[in-house]
Amino acid sequence: MTELGLPDGIQACLFDLDGVITKTAVVHAAAWKQTFDDFLRRRDGDSYRPFSDADYHEHVDGRPRSDGVRTFLESRDIHLPEGDPGDPPDRQTVNGLGNRKNELLLELIRTHGVEAYDGTIRFIEAVRAAGLRTAVVSSSANCRDVLLSIGAEHLFDVRIDGIVAAERHLPGKPRPDTFLAAAHDLGVEPKAAAVFEDALAGMDAGHSGHFGYIVGVDRVGQADALRAHGADVVVRDLAELGAGS
């Protein structure tokens, strides 16, 4: 292992955004809960079964927005029309619900702001000082704006986010395609890249993409689940890997 806490031969690091770089995972979860609870309450009345933390981690976390809507609804045996990407947030379609979630998310970010995990920022700076290349890989269409808000856009050689994925027709996590695209754009083989993720869908993507090292970042007490989904090591903060301490 190197001083960075990574295996020899790793040339690039691929970082998820929400929950790894920024403290926005909890904001995403809150926006999803309000979106789905409002929808379920209208549909089923006061007897509705609320959207839970388990629902978030199993069906939504780390996935592209429309995939998250679709996957959660399917878990409840609910099927909505896809609609169009421009559907208004009150339209009862997959895209409409996704747009409602994004509307709530942006409102929460405007209200509360965005914070970075200091340990992650220090680790990324150490990685770059050691000559490794870096990419951010996020399903969020708001990725660049969030990076700009915390002054971190310059820390990444490549950005593969929800906008880039749509332009390139890349399926999102748990498929490995967005991580593979980042490695390709950085000019490294997957086995020479490390993946840093906090979501189970991201773990699955890193594992199925045969990346050289997969770091699970446990922010919510799901270390066992992260290992079960392919993490080679699980840390609570990237400072634990050595370089950020």
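Below is a summary of the structure that appears in this document. (Residues numbered from 1 in each chain as written. Predicted model: local features only at pLDDT ≥ 70, side-chain atom pairs only at ≥ 80, totals over all residues. Heavy atoms only, no water.)

1. A look at the overall build of the protein
- Scanning the protein for helices and strands turns up 10 helices and six strands.
- The C-alpha atoms of the protein give a radius of gyration of 18 Å, which matches the 18 Å a tight globule of 245 residues would have.
- Along the first, second and third principal axes, the C-alpha set of the protein runs to 55 × 35 × 30 Å.
- In the protein, which comprises 245 residues, the proportion classed as buried is 53%.
- Taking the contacts inside the protein whose residues are at least 6 apart along the sequence as the reference set, 61% of them involve residues at least 24 apart.
- Of the roughly 11100 Å² that the protein leaves accessible, carbon and sulfur atoms contribute 48%. (Helix = DSSP H or I, 4+ residues; strand = E, 2+ residues; numbered from the N terminus. Rg over C-alpha atoms; globule rule 2.2 N^0.38 Å. Buried < 20%, exposed > 50% of the residue type's maximum accessible area, 1.4 Å probe, protein only. Contact = heavy atoms within 4.5 Å. Areas by Shrake-Rupley, 256 points an atom, 1.4 Å probe, with all protein chains shown as cover.)

2. Focus on the packing of aromatic side chains
- By the definition in use, this model includes nine aromatic pairs.
- Ring centres 6.0 Å apart and planes at 70° place the aromatic pair Phe179 and Phe211 in the edge-to-face group. Taken together, the positions of Phe179 in helix H8 (residues 177-186) and Phe211 in the loop between helix H9 (200-208) and strand S5 (213-217) put the pair 32 residues apart, joining distant regions of the chain. Residue Phe179 shares its accessibility class with Phe211, and that shared class is buried.
- Each member of the aromatic cluster is reached from another via a ring pair, and the members are Phe15, Phe123, Phe156 and Phe196.
- Lying over the aromatic face of Tyr117, Arg219 brings its terminal NZ or CZ to 3.4 Å of the ring centre. (Phe/Tyr/Trp six-rings, centres within 6.5 Å; stacked < 30°, edge-to-face > 60°. Lys NZ or Arg CZ within 6 Å of the ring centre and 35° of its normal.)

3. Quick look at the pattern of salt bridges
- In this structure the tally under the stated criterion is 19 salt bridges.
- A salt bridge links Glu197 to Lys173; its shortest N-O distance comes to 2.6 Å. One end of the pair, Glu197, is in strand S4 (residues 193-197); the other, Lys173, is in the loop between helix H7 (162-168) and H8, with 24 residues separating them in the sequence. Take Glu197 and Lys173: they sit in the same class, and that class is buried.
- Here the salt bridges do not stand alone but share partners, grouping Asp16, Lys173 and Glu197 into one network. (Salt bridge = Lys/Arg side-chain N within 4 Å of Asp/Glu carboxyl O.)

4. Side note on the pairing of strand S1 (residues 12-15)
- Here S1 shows a buried face lined by Ala12 and Leu14 and a second buried face lined by Cys13 and Phe15.
- Two elements, S1 and strand S2 (residues 133-137), share four bridges in a ladder whose sense is parallel. By the bridge assignment, Phe15 is partnered in S2 with Val136.
- By the bridge criterion, four bridges tie S1 to S4 in an arrangement that is parallel. Residue Phe15 lies in a different strand from S4, and its bridge partner there is Phe196. (Pairing = 2+ DSSP bridges.)

5. Some words on H8
- Residues of H8 that are buried include every one of Thr178, Phe179, Ala181, Ala182, Ala183 and Leu186, and no others.
- If you follow the buried residues of H8, they end up packed against S1, S2, strand S3 (158-160), H7, S4 and H9.
- Remark: Gly187 follows H8 within two positions and exhibits a positive phi of approximately 80°.

6. What to know about helix H4 (residues 94-112)
- The end-to-end C-alpha distance of H4 is 27 Å, a good match for the 27 Å that 19 residues give at a rise of 1.5 Å each.
- Every buried residue of H4 is listed here: Val94, Asn95, Gly96, Leu97, Gly98, Asn99, Lys101, Asn102, Leu104, Leu105 and Ile109.
- For H4, the secondary structure elements touched by its buried residues are helix H1 (25-44) and helix H3 (65-75).
- Positioned one or two residues after H4, Gly113 has a phi angle of 75°, which is positive. (Expected span 1.5 Å × (residues − 1).)

7. Thoughts on the packing of H1 against H4
- Interaxial distance between H1 and H4 falls to 9 Å at its minimum, and their mutual angle equals 135°. One way to sum up the angle between H1 and H4 is to call them oblique. The hand of the H1/H4 crossing is right-handed. Between H1 and H4, the contacting residues are Val27, His28, Ala30, Ala31, Trp32, Gln34, Thr35, Phe36 and Phe39 on the first element and Leu97, Arg100, Lys101, Leu104, Leu105, Leu108 and Ile109 on the second.
- Across the contact of H1 with H4, the residue classes tally to 11 nonpolar, three polar and two charged. (Axes fitted to C-alpha atoms, helices over the stretch in contact; angles between N-to-C directions. Parallel < 35°, antiparallel > 145°, perpendicular 65-115°, else oblique. Left-handed = near helix turned anticlockwise from the far one by under 90°. Nonpolar A, V, L, I, M, F, W, Y, C, P; charged D, E, K, R; others polar.)

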